Amino acid sequence: MGNCCAYLGPQKNTNVRVSLPAVCFVWQIAMIVLFGVFIRYNPESDAHWVEHMRTENISSDIENDFYYRYPSFQDVHVMIFVGFGFLMTFLKRYSFGGVGFNFLIASFGLQWALLMQGWFHFLDHSTGKIYIGVENLINADFCCAGSLIAYGALLGKVSPVQLMVVTLFGVTLFAVEEYIILHLLHVNAGGSMVIHAFGGYYGLAISWVLYRPNLHLSKRLNGSVYHSDVFAMIGTLFLWMFWPSFNSAITDHGDGQHRAAINTYLALASTVLTTVAISSMSQKKGKLDMVHIQNATLAGGVAMGTAAEFMISPYGSLIVGFCTGIISTFGYLFVTPFLENKLKLQDTCGVHNLHAVPGMLGGFIGAIVAAAASEEVYSREGLIDVFDFEGKHANRTVGTQGGYQAAGTCVAIAFGLVGGAIVGFILKFPIWGDPADDNCYDDEVYWEVPEDEETIPPVLEYNNHMIHKHQDIH
Amino acid sequence: MGNCCAYLGPQKNTNVRVSLPAVCFVWQIAMIVLFGVFIRYNPESDAHWVEHMRTENISSDIENDFYYRYPSFQDVHVMIFVGFGFLMTFLKRYSFGGVGFNFLIASFGLQWALLMQGWFHFLDHSTGKIYIGVENLINADFCCAGSLIAYGALLGKVSPVQLMVVTLFGVTLFAVEEYIILHLLHVNAGGSMVIHAFGGYYGLAISWVLYRPNLHLSKRLNGSVYHSDVFAMIGTLFLWMFWPSFNSAITDHGDGQHRAAINTYLALASTVLTTVAISSMSQKKGKLDMVHIQNATLAGGVAMGTAAEFMISPYGSLIVGFCTGIISTFGYLFVTPFLENKLKLQDTCGVHNLHAVPGMLGGFIGAIVAAAASEEVYSREGLIDVFDFEGKHANRTVGTQGGYQAAGTCVAIAFGLVGGAIVGFILKFPIWGDPADDNCYDDEVYWEVPEDEETIPPVLEYNNHMIHKHQDIH
Amino acid sequence: MGNCCAYLGPQKNTNVRVSLPAVCFVWQIAMIVLFGVFIRYNPESDAHWVEHMRTENISSDIENDFYYRYPSFQDVHVMIFVGFGFLMTFLKRYSFGGVGFNFLIASFGLQWALLMQGWFHFLDHSTGKIYIGVENLINADFCCAGSLIAYGALLGKVSPVQLMVVTLFGVTLFAVEEYIILHLLHVNAGGSMVIHAFGGYYGLAISWVLYRPNLHLSKRLNGSVYHSDVFAMIGTLFLWMFWPSFNSAITDHGDGQHRAAINTYLALASTVLTTVAISSMSQKKGKLDMVHIQNATLAGGVAMGTAAEFMISPYGSLIVGFCTGIISTFGYLFVTPFLENKLKLQDTCGVHNLHAVPGMLGGFIGAIVAAAASEEVYSREGLIDVFDFEGKHANRTVGTQGGYQAAGTCVAIAFGLVGGAIVGFILKFPIWGDPADDNCYDDEVYWEVPEDEETIPPVLEYNNHMIHKHQDIH
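Bear in mind the structure is a predicted one, so any value in this text is a computation, not a measurement.

Rules behind the numbers
Residues numbered from 1 in each chain as written. Chains lettered and ligands numbered in written order. Predicted model: local features only at pLDDT ≥ 70, side-chain atom pairs only at ≥ 80, totals over all residues. Heavy atoms only, no water. Contact = heavy atoms within 4.5 Å. Buried area = accessible area lost by both parts, 1.4 Å probe. Salt bridge = Lys/Arg side-chain N within 4 Å of Asp/Glu carboxyl O. Polar contact = N/O pair within 3.5 Å; in protein donor to acceptor, adjacent residues only side chain to side chain. Helix = DSSP H or I, 4+ residues; strand = E, 2+ residues; numbered from the N terminus. Expected span 1.5 Å × (residues − 1). Buried < 20%, exposed > 50% of the residue type's maximum accessible area, 1.4 Å probe, protein only. Arc of directions from axis to C-beta. Least-squares fit on C-alpha atoms with pLDDT ≥ 70 in both. Nonpolar A, V, L, I, M, F, W, Y, C, P; charged D, E, K, R; others polar. Phe/Tyr/Trp six-rings, centres within 6.5 Å; stacked < 30°, edge-to-face > 60°.

Asker: Explain the interface of chain A and chain C here, please?
Answerer: A common way to state how big an interface is: give the accessible area lost once the parts meet. Contact residues are listed per partner, giving 89 residues for chain A and 87 residues for chain C. Of the roughly 7,400 Å² buried between chain A and chain C on both sides combined, carbon and sulfur atoms contribute 72%. Of all residues in chain A, Arg-17, Tyr-41 and Phe-103 of chain A give up the largest surface area on contact with chain C, accounting jointly for 10% of the area buried on that side. At the boundary of chain A and chain C, one finds one salt bridge. Salt-bridge contacts for Glu-381 of chain C lead to Arg-54 of chain A; the nearest nitrogen and oxygen are separated by 2.9 Å. In this structure, the connection of chain A to chain C is made through 28 residue pairs in polar contact (both at pLDDT 80 or more).

Asker: Teacher, can you tell me more about helix α1 (residues 19-38) of chain A here?
Answerer: Because an α-helix packs 3.6 residues into every turn, residues spaced three or four apart end up facing the same way. Over its 20 residues, α1 of chain A extends 28 Å from the first C-alpha to the last, a length consistent with the 28 Å expected when each residue adds 1.5 Å. Looking at α1 of chain A, one finds that the buried residues are Leu-20, Pro-21, Val-23, Cys-24, Trp-27, Gln-28, Met-31, Ile-32 and Phe-35 of chain A. For α1 of chain A, the arc enclosing every buried residue in end-on projection is 160°, short of the 170-degree limit, so these residues lie on one face. The exposed set on the far side of α1 of chain A, more than 90 degrees from its buried face, consists of Val-26 and Val-33 of chain A. Where α1 of chain A is buried, its residues meet β1 (39-41), α4 (95-122) and α6 (160-184) of chain A together with α9 (255-281) and α12 (314-342) of chain C.

Asker: I'm lost on the relation of the copies chain A and chain C in this one. Help?
Answerer: Note that the two copies of the chain are related through a rotation about an axis and a translation along the same axis. Expressed as a screw transformation, the operator carrying chain A onto chain C has a rotation angle of 120° and an axial translation of 0.0 Å, and the superposed copies differ by an RMSD of 0.0 Å. Considering both components of the superposition, the chain copies are consistent with a three-fold axis. Of the residues that chain A buries at the interface, just 17% are likewise interface residues in chain C, meaning the two copies contact each other through different surfaces.

Asker: What is the right way to look at the interface of chain B and chain C in this model?
Answerer: Of the residues lining the interface, 88 residues belong to chain B; the matching set on chain C comes to 89 residues. Among the residues of chain B in contact with chain C, Tyr-226, Tyr-265 and Leu-273 of chain B are the three that bury the most area, contributing 12% of the side total. Taken together, the links from chain B to chain C amount to one salt bridge. Across the contact surface, chain B and chain C share 28 residue pairs in polar contact (both at pLDDT 80 or more). Elements that contribute at least two residues to the side of chain B that touches chain C include exactly α3 (65-87), α8 (226-248), α9 (255-281), α10 (290-295), α12 (314-342), α14 (375-378), α15 (380-387) and α17 (458-473) of chain B. A total of 19 residues in the side of chain B that touches chain C trace back to one element, the largest contributor, which is α9 of chain B. Across the side of chain B that touches chain C, the residue classes break down as 46 nonpolar, 27 polar and 15 charged.

Asker: Teacher, can you tell me more about the packing of aromatic side chains here?
Answerer: Given two aromatic rings, their pairing is described by the distance between the two centres and the angle made by the two planes. The tally for this structure, following the rule as stated, stands at 87 aromatic pairs over all chains. Considering the side-chain rings of Phe-101 of chain B and Tyr-446 of chain B, the 6.1 Å spacing of their centres and the 70° angle between planes classify their relative orientation as edge-to-face. Here Tyr-446 of chain B lies in the loop between α16 (398-427) and α17 and Phe-101 of chain B lies in helix α4 (residues 95-122), a separation of 345 residues in the sequence. Both residues of the pair, Phe-101 of chain B and Tyr-446 of chain B, count as buried. Ring-pair connections join several aromatic residues into one group, and the members of that group are Phe-66, Tyr-67, Tyr-70 and Phe-73 of chain A together with Tyr-68 and Tyr-265 of chain C.

Given below as structure tokens:
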């Protein structure tokens, strides 16, 4: 494999036997030390809970936040590891890398995220400690998602060491932009922008800096086979099914979680129909393309990332899904080739169409829906609850809020683009063990790959035998 | 592919480039308009929830129906999309169609179901609106299940446009029969009959009308390969594991949900053992057949669809599972071939044995268990709670209830058979883009299928090369 | 298949057409009879619940144990059937046996476990009945896990009838050791030892007795192919993601469940990094080995099986994961080959490294953490709650408790080793239909396996055709 092209230039050194273990050990030990210094259980996960219940006048264990959020947490957890992981198994010979490196970087990222988000959002300044509970776990999973999205743009073209760097910086940038957006701008329910717009543009910027002019040398491996497309559907479906949990996992208890789940469910259903429609229209014989079904069907969930908690109304959710299905599928048909040919931007999974654009749209949809909010629709208390018009934000109007929501979206995109460009340049150093241009999308580079001799059916072995015999005769 | 048989008659036009997008767009736009007119959030998902809590004297957010039902909803959601979808990936070259079209029609069906079920069961006549919450989402998923079951009988033989028609009518018929059974007959816990008996007979009736005398021309593709059978086990297991949630998702809070889950769990466990036993007995060397393991193991869940909520007692559940495992496996061994050869009924997935018959049995089991209910076993309040002997049904006896339960089962079957026959005739119009008899079970017809050249190991490529060279020499 | 080796000795009789159905029917009928005599609904799943609420002064249905535990139960259920099942699909031609036999024996095991655990832990001596609810279902799933772990050591080398025997005795032994450990020794949160240490050593002891000196004759099938490794990742990830539910499913309501989930989540994340590091270091070019990623990444969950509920603190969890990832991966690299070559112990899945050793470690970690517990960290009430220092154990000190925890671990290992040796000798009788040494790891023995002719791409069929033609010419 790949030997035939060795004359094209010096093979890159893809041996990560020193760098990968070094990075894993150093970073994991750092995590242990920092957790030792900073991270403690919060009152709901601490053995003092019984005392806390008495102090806070909580009447039952079922009021522990665990029971409000744990089912959604597990759904989100499945999305992060099986959803993102299997969605990236579609390449014919990069399924190990897709699901395996996703597993690695998410496992690192969530630890780093607990710290970064803890410092910015959950630090108790009197004790200097971060007190964690189930909501922190969900947030850490979300924070990883940004870097996993970026991986989608880089799939098959980077080394696991590079991915660890992408995640280290990705989580850091995420925590900072999230702090600016949620705390300084007081934006609400910012999933679309904070996670998807940021993650998408972060990955695109890195990929743009790492442009490989000779990537066509790996073209033979940049595609799917029948069963790898079926594996990818596992990822697609678990993302699709659990997206209502993604968008409702950390919204307000009660109607907030309830409404966010309903809105996301509806938007996603609508997206499937328009994705199928555009996919079928785009082919001469009306055949569907698995790339669209695997990816664009999810765009409705991304686009509802902010507005899901708002009173967008059920038909509003359907409209959002309707439009994003069309936009995302058009993106796969026209924008991804355009980016690659004209802008020198190679985006393996098309995160531009699934995360970047729908995430940006979701941010602006959230801004519009926020600006249109009224006491009539929300009730006075509901309005205050949903938008947290309390404390120093008590006098903010819905119009102002809409403006801040839009501003937050721009901040997320800016962080993605600038941060991604910087990280891209760091990744260009020739020390990270990335593959050569003729060696991309190939698990052989970083994995012990079994030989698939078993896929040769007996009849063929017989024929091969005959051929050799035959040749001997001559 | 298929060219060799072109002389058998004019190839059918399977181009759905106009019809599929047209159906998707028209129906999705209709959904948006109808949702705009009819669908609103219910008090538990509306921002007025805080006011509602005060009015209704609800003390905590945890009392929101979301927390009672959302975990079960997500399990059901997985069953609909991954369960049914992957169960239908077993064919060697129809995995895209199995999981992909299931995805499409469920996404449409659940929207239409929210409306149809809303009009019949949840319409507020004073405002003319349907107010939805998580229970409606579960019901909508259930309603889709009827049409997805029907798809099992049609798998590989119909176009996606036909499937959209099957779903449109399937959901409509479902809502009507459900209204008759649950409201007019006041039947309780009618999952077995309303979903499975209806869906099964609906699919069988359609398939009977669409009988293809020359289907043997596609025989080469009507079977599994090794890995497609493993994919199908993903569907089987998620259906099997989450069936307790299916049968308990909308039963009464508290003991109702609790008991329904236990009963279903036990029945399913028992089914597995008798399925394995019969499967092994049926082969000369005692080898197991994947078709049985993938399907008949689920029959116990179907058969408990009604009685799960009742006090059938744990050993009663085991007996139900025991019997249905045997009946269902016998069905795959003897009834499906009989139906195909004698009754001209081609049932790709054997829904007759997994849904139709176990669903019917489940209805009658429910009738017997209901008729045998007593105050001693249920307590007076329990009896009223479980069977809703309130209002105008306050004087109904358990014997009468049993009779109505049986009648409901008959209504479901009648709706399936008559409705299916009519829909079958509609689908015979030559405008729907269905495949020719020699072109069934083939993803090539409606999907862009990747070429699997990668499954040729290098040694073979070398040999091929040698062959050609060899031929050149001559 | 296998015919070529027939001269090596008389082929074993692998026909299970009588024995497998007989075992399934007899055992399932026994279950029905015993359930009829012993098993009833508990007050939370019985229709008398409303009366029970009034008696016990329970104010809301949401206080039913169902809502505390059902989401975790479903996660555990997925681990048992999809997790363990798919983890064992990694062999190139034993995926049916991996996932299918796992399905069979878990379905039997959970019924037998409800009885065995019921008799030992939940029997109401006044009525002679066992009253079950959702917690019993979780415990039954746990109890099965012991035997499923043992199956991992035996994978590909035993018949389904033998597996039923392994499960019958495995569940029985489990219930007895659990009774000794939890009730007589009053050990707390004993998952690591009761499930994993026991199950691991039980499987290893059986495998040691069943040593096959000529197993190298099946060497061609003892390995993976590309897609079977991807299937196995489904098992790995569902185990990994849901392990927090495994360790928290039956811990105390409130902070207990909450803390157990957090600790497990952290330990598992840490394990992934050290597994990757050691796996990469072990290969000349730093390539990762799928065997390690599929298995050793889970060791952190096993090792937290006891301490998860304790106040081990977040950084403590990371340290546990860190160490077990290293130990487990070293096990796969050095100990498994050593066991096979020196100790004549063939361990197909390496349960020694994933369950036996991490389970034992987990038991001792629990002992140390228990011995180090203090009122300061737990609060007085917390300490009593977590360690159940009530009744006759009210005066136990944390030091004594630590000692008992360690003793419990030794009991579990002893039960596994002695019980496994005995069961191994039972399985040596030549009546169970096990495969010959040259016929192991092959689904052909117990399954109808489809012919994979479809994996030959058309171009090859053409070439084959040309070869034959060619030969004719000569």
